[in-house]
Amino acid sequence: MIVVAITGASGVIYGVRLLEVLKEMGKDTALVVTEPAKIILKHEMSINADSLKELCNHFYEPNDLTSAINSGSCRFESMIIVPCTMKTISAISTGFADNSVTRAADVALKEGRKLLLVPRETPLRTVHLKNMLKISQEGGIILPAMPAFYHQPQNMDELVDFLVGKILDVLHIDHNLYQRWQGEIP
C-alpha cells in the first residue's frame, strides 16, 4: 500500500493527480487529507475531500490516531506527503507525531520505509532547511515541487505530470507522464 497525505499548502493539485495516476495503475492507496488541506482543495480546485475517496482504497481522517497506518504493524510500502507544509516537516523532524500524517511519517522513518515529502513553500528559512536536512539524514526524501522545462510543457497539466512523474520515479514505478531528457539538442 502507498500512503498519500495532502496537507494545507498550495499545490494540492499534485496530490490529487498522484492519486489519479496511482488509481489508473491499480495501486493500493491510503489517503489522509488534513483540515487545512480541505480548505485549500476548495480554494484551488473547487473540490472537497470526500470526492477524493473514490481515488483511494482506504481513507483516514487526520485526527484518527487509531488508523491502521499509524502503527508499525501496518506494512505500507511508502508514504508521500504532497504538498507538504513546513509545519508538517517541522513536526516530522522533531518526532511530534500528533496526527495521522505525522504519525504515519514517523512510522515510515522508524520502520525504514520510503518517505517522500513534497514541499511547495518558497522562499525557505534556515529552520525549514535544517528540518528537511534532519529528515533526509534519517532516510526521508525531499522532493520539492520544482517543475522542469526541458520537456517543453505546453500547459499546467504537463507541469503537474512532470512532478508526479518524478514522485513515481523515486518509487520505482514505470510511467509515461513526461518525456525524459535524451541528451543535448543539436
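Predicted model only: the values in this text are computed from it and were never measured.

Draft legend 1. Looking closely at the packing of helix α1 (residues 12-24) against helix α6 (residues 156-170). Closest axis-to-axis distance for the α1/α6 pair is 9 Å, and the angle between their directions is 65°. As judged from the angle between their axes, α1 and α6 are roughly perpendicular. Helix-helix and strand crossings are classified by hand; for α1 and α6 the assignment is right-handed. Counting all contacts with α1, which are made through Ile13, Tyr14, Arg17, Leu18, Val21 and Leu22, the residues of α6 involved are Met156, Val160, Asp161, Leu163, Val164, Ile167 and Leu168.

Draft legend 2. Spotlight on the packing of aromatic side chains. Applying the stated rule across the entire model yields 3 aromatic pairs. Each ring, one from Tyr150 and one from Trp181, has its centre 5.8 Å from the other, and the planes form 75°; the classification is edge-to-face. Separated by 31 residues along the polypeptide, Tyr150 in the loop between β6 (141-142) and α6 and Trp181 in the segment after α6 bring together distant segments of the chain. Here the aromatic rings of Phe162 and Tyr178 are separated by 4.7 Å at their centres, their planes lie at 55°, and the arrangement is tilted. Linking Phe162 in helix α6 with Tyr178 in the segment after α6, this pair joins segments that are 16 residues apart in sequence. Just as Phe162 is buried, Tyr178 falls in that class too. Lying over the aromatic face of Phe59, Lys53 brings its terminal NZ or CZ to 4.9 Å of the ring centre. A cation over an aromatic ring shows up here: Arg113 above the ring of Phe76, its NZ or CZ 4.9 Å from the ring centre.

Draft legend 3. Examining the environment of Ala97 more closely. With respect to the element layout, Ala97 can be found in the loop between α3 (86-94) and α4 (100-110). Once you skip the residues sitting within four places of it in the chain, Ala97 turns out to touch Thr102, Arg103 and Asp106.

Draft legend 4. Looking closely at the sheet that holds strand β3 (residues 58-60). If you trace the 6 strands from one edge of the open sheet to the other, you get β3-β2-β1-β4-β5-β6, paired in parallel fashion. The open sheet has two edge strands with one neighbour each: β3 and β6. Examined bridge by bridge, strand β1 (residues 2-6) and strand β2 (residues 29-33) share 5 bridges and lie parallel to one another. Each residue of the ladder has a partner; that of Ile6, found in β2, is Val33. Strands in contact with α1 are β1, β2 and β4 (78-84); relative to β1, the strand with the most contacts, it is inclined by about 155°. Relative to β4, α4 is tilted by about 135°, and along the sheet it contacts β1, β2, β4 and β5 (114-119).

Here is what the cut-offs are and how they apply
- Sequence order sets the numbering: in each chain, residues are counted from 1 along the sequence as written.
- Where local features are concerned, this predicted model is filtered to residues with pLDDT of at least 70; where side-chain atom pairs are given and counted, the filter is 80 or more; whole-chain, interface and lining totals use all residues.
- Each side-chain value is derived from all of the structure's non-hydrogen atoms; neither hydrogens nor water enter the calculation.
- Comment: axis = line fitted to C-alpha atoms, over the contacting stretch for helices; angle = value between 0 and 180 degrees taken between N-to-C directions.
- By definition, any uninterrupted DSSP run of H or I lasting at least four residues is a helix, any uninterrupted run of E lasting at least two residues is a strand, and each is numbered from the N terminus.
- Should an angle fall under 35 degrees it is called roughly parallel, over 145 degrees roughly antiparallel, and 65 to 115 degrees roughly perpendicular, with every other angle called oblique.
- If you view the pair so one helix is near and one far, a crossing is left-handed when the near helix is turned anticlockwise from the far one by less than a right angle, and right-handed when it is turned clockwise.
- Only heavy atoms enter the contact rule, under which two residues are in contact if any of them lie within 4.5 Å.
- Pairing of aromatic rings covers Phe, Tyr and Trp, the last counted by its six-membered ring, and requires centre-to-centre distances within 6.5 Å; plane angles under 30 degrees mean stacked, over 60 mean edge-to-face, and any other angle means tilted.
- Under the scheme applied here, a residue whose accessible area is under 20% of the maximum for its type counts as buried, over 50% as exposed, and between as partly exposed, the area being computed with a 1.4 Å probe on protein chains only.
- Geometrically, a lysine NZ or arginine CZ counts as sitting over a ring once it is within 6 Å of the ring centre and also within 35 degrees of the ring normal.
- Note on pairing: two strands pair once DSSP finds at least 2 bridges between them.

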